[in-house]
Amino acid sequence: MTLLRGVIFDLDGVIADTVPAHFAAWKQMFAEEGYAFDERVYHDRVDGRRRFDGAQAVMVDASPDRVSAAASRKDAYFLKQIEQGQFEVFADTLNFLRACRAEGLVLATASSSRNARLVLEKAGIADKFAAIVGGDDVSNGKPHPDIFLLAAKRLGLPPEACVVIEDAISGVAAAKAGGFRCIGIDRTGQTERLAGADLIVESLSRLKLCDIEQLMGK
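Quick summary incoming for the structure in this document. (Residues numbered from 1 in each chain as written. Predicted model: local features only at pLDDT ≥ 70, side-chain atom pairs only at ≥ 80, totals over all residues. Heavy atoms only, no water.)

1. Focus: the pairing of strand β4 (residues 162-166)
So, point 1. For β4, the buried fraction is high: five of the five residues fall into the buried class.
So, point 2. Neither face of β4 is open: one carries Cys162, Val164 and Glu166, the other Val163 and Ile165, and all of them are buried.
So, point 3. Strand direction decides the pairing type here: strand β1 (residues 6-9) and β4, joined by four bridges, are parallel. In the sheet register, Val7 faces β4, and the bridge partner there is Val163.
So, point 4. In this structure, β4 lies alongside strand β5 (residues 181-185), joined through four bridges in parallel fashion. Residue pairing for β5: Val163 is matched across the bridge by Arg181.
So, point 5. The β-α-β motif built from β4, the intervening helix α8 (residues 169-177) and the parallel element β5 has right-handed crossover chirality. (Buried < 20%, exposed > 50% of the residue type's maximum accessible area, 1.4 Å probe, protein only. Helix = DSSP H or I, 4+ residues; strand = E, 2+ residues; numbered from the N terminus. Pairing = 2+ DSSP bridges. Right-handed = clockwise from strand over helix to strand, strands pointing away.)

2. Examining the environment of Ala177
So, point 1. Its location among the elements puts Ala177 in helix α8.
So, point 2. Overall, the relative accessible area of 52% leaves Ala177 in the exposed class.

3. A look at the pairing of β5
Note on strand geometry: in a regular strand, side chains alternate between the two faces of the sheet.
So, point 1. The element β5 is largely enclosed, with a buried count of four among its five residues.
So, point 2. Judged from the three bridges that link them, β5 and strand β6 (residues 199-201) form a sheet pairing that is parallel. Opposite Gly184, over in β6, you have Ile200 as the bridge partner.

4. Considerations on the packing of aromatic side chains
So, point 1. Scanning the model with the defined rule gives eight aromatic pairs in all.
So, point 2. The structure contains a cluster of three or more aromatic residues connected by ring pairs, namely Phe23, Trp26, Phe30, Phe37 and Tyr42.
So, point 3. In this structure, Lys74 is placed above the aromatic ring of Phe78, and the distance from its NZ or CZ to the ring centre is 4.9 Å.
So, point 4. Here the guanidinium or amino end of Arg187 rests over the ring plane of Phe90, the centre of that ring lying 3.6 Å away. (Phe/Tyr/Trp six-rings, centres within 6.5 Å; stacked < 30°, edge-to-face > 60°. Lys NZ or Arg CZ within 6 Å of the ring centre and 35° of its normal.)

5. What about α8?
So, point 1. Buried within α8 are the following residues: Ser170, Gly171, Val172, Ala174 and Ala175.
So, point 2. Gly179, located one to two residues past α8, shows a positive phi value of around 85°.

6. A few points about the pattern of salt bridges
So, point 1. Taken as a whole and assessed by the stated rule, the structure comprises 15 salt bridges.
So, point 2. Among the salt bridges present, the one from Asp92 reaches Arg187, with a minimum N-O distance of 3.1 Å. In this pair, Asp92 sits in helix α5 (residues 91-102) while Arg187 sits in the loop between β5 and β6, placing the two residues 95 residues apart along the sequence.
So, point 3. With a relative accessible area of 30%, Arg187 lands in the partly exposed category.
So, point 4. Among the charged side chains, a salt-bridge network with shared partners connects Glu32, Glu33, Arg66 and Arg73. (Salt bridge = Lys/Arg side-chain N within 4 Å of Asp/Glu carboxyl O.)

Encoded structure:
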């Protein structure tokens, strides 16, 4: 039985409610580029992926240069909202972070966003994490496992001693590909999206550390 020693969190939708800011930024950019965009497209093609990869998944007929320029513009729209404080940290996540730290677990954030540290600093919780890994720290974004493997490495732990908490299809796939146990958090009532996770909860207030330890022992 492997003991739980580290917890790796996705950022958007898990720690911080930045989804409305991301969605609005994507929607504005894709409208300017002439592509249809709605919640289904967001969850199926964009959510959890690095900015360029998400843009390319929708702009399938566009040149790399056009995709890159559009992705950069989306980032500018998003950053403007974050700088204005247009996001919240989930209360259930804050409580769960405290519980993890009280048990001596080391924590990391592994986000496809290049703005992870900025969001955490704006929220005043960057110091809670021993490692903060962003999309620009790895060559391959989710659903490849690179970002979670790097987070575990920076914590000084093997994948089997960590659990990943994710809310995106690509993130769950990345965690499982890296050999991690994965807990899916579904705040939308569409649990089937995260069917690949080892355990799915509607809120971290419903997750106990003993549940994770039991999961690790399977």
